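Here is how the chains run, residue by residue.
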Amino acid sequence: GRLLDTDGVEVYSLKELDLKSRLDSIIEMMQGYYVVFDIDGTLCRFKYTSKDSDSLLPCKDKDLNSYLSYDNNMYKYAEPILTMQYIVSKLDPDMLGTLSTAVPMAVLLKRGWLPNYYPNIKKSNYMWSDSDFDKLQYLQELSKKYKVLFVDDSYKTLLYVEERDKSIKLMHTSEFLL
């Protein structure tokens, strides 16, 4: 098992891959765009249970609305992704937003969680969608005023947007991995 960098040069440790340099080049590329981040799985790890639990969600996915209706806070254990915190902290707050699919109870929880970990994103730039595929409408509206870059962990959502609007730049979260 050899590790190769993007130029095919063998490296011997993760430190040699220079994550900061790679992230800084991504940040530089993001300049001039209104950058929109998905939340779950993009700004936040997709794990909403305690560290000692193997489950991703505190209940079955089909029972999530019911779980939330009993004032359960699924974001109690949610952790930010440090790489994304670094990137967001380096971008212009006026050119940052979030776009997340969420039921009304989850919107309230996400609104409470985001400022604790991503204070650089203005609350006025939080956007909420009824479905992953409705995200396209929000992105198209923004693209009337800005060059838009959308970062999401769902390849289906990204492909849906790509097939319908080539003017929106897209990034999958795997771009931030070494």
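Analysis parameters
Residues numbered from 1 in each chain as written. Predicted model: local features only at pLDDT ≥ 70, side-chain atom pairs only at ≥ 80, totals over all residues. Heavy atoms only, no water. Buried < 20%, exposed > 50% of the residue type's maximum accessible area, 1.4 Å probe, protein only. Helix = DSSP H or I, 4+ residues; strand = E, 2+ residues; numbered from the N terminus. Pairing = 2+ DSSP bridges. Phe/Tyr/Trp six-rings, centres within 6.5 Å; stacked < 30°, edge-to-face > 60°. Lys NZ or Arg CZ within 6 Å of the ring centre and 35° of its normal.

Enquirer: Looking at this structure, I do not really get the pairing of strand β3 (residues 34-37). What am I missing?
Expert: Every regular strand shows the same layout, with side chains that alternate between the two sheet faces. Residues Tyr 34 and Val 36 of β3 are buried on one face, and the alternating residues Val 35 and Phe 37, pointing to the opposite face, are buried as well. The pairing of β3 with strand β6 (residues 148-152) spans 4 bridges and is parallel. Following the sheet pairing, Tyr 34 is matched in β6 by Val 148. Here 3 bridges tie β3 to strand β4 (residues 96-101), and the two strands are oriented parallel to one another.

Enquirer: Would you mind going over the packing of aromatic side chains with me for this structure?
Expert: Two descriptors summarise a pair of aromatic rings, namely the distance from one centre to the other and the angle between the planes of the rings. Evaluated as defined, the whole model comprises 5 aromatic pairs. With a centroid separation of 6.2 Å and an interplanar angle of 80°, the aromatic rings of Tyr 126 and Trp 128 are classed as edge-to-face. Look at Tyr 126 and you get buried, because its relative accessible area is 6%. Aromatic rings pair up to connect Trp 113, Tyr 117 and Tyr 118 into one cluster. In this structure, Lys 147 packs its charged tip against the face of Tyr 33, placed 4.5 Å from the ring centre.

Keep in mind these numbers describe shape, not what the thing actually does.
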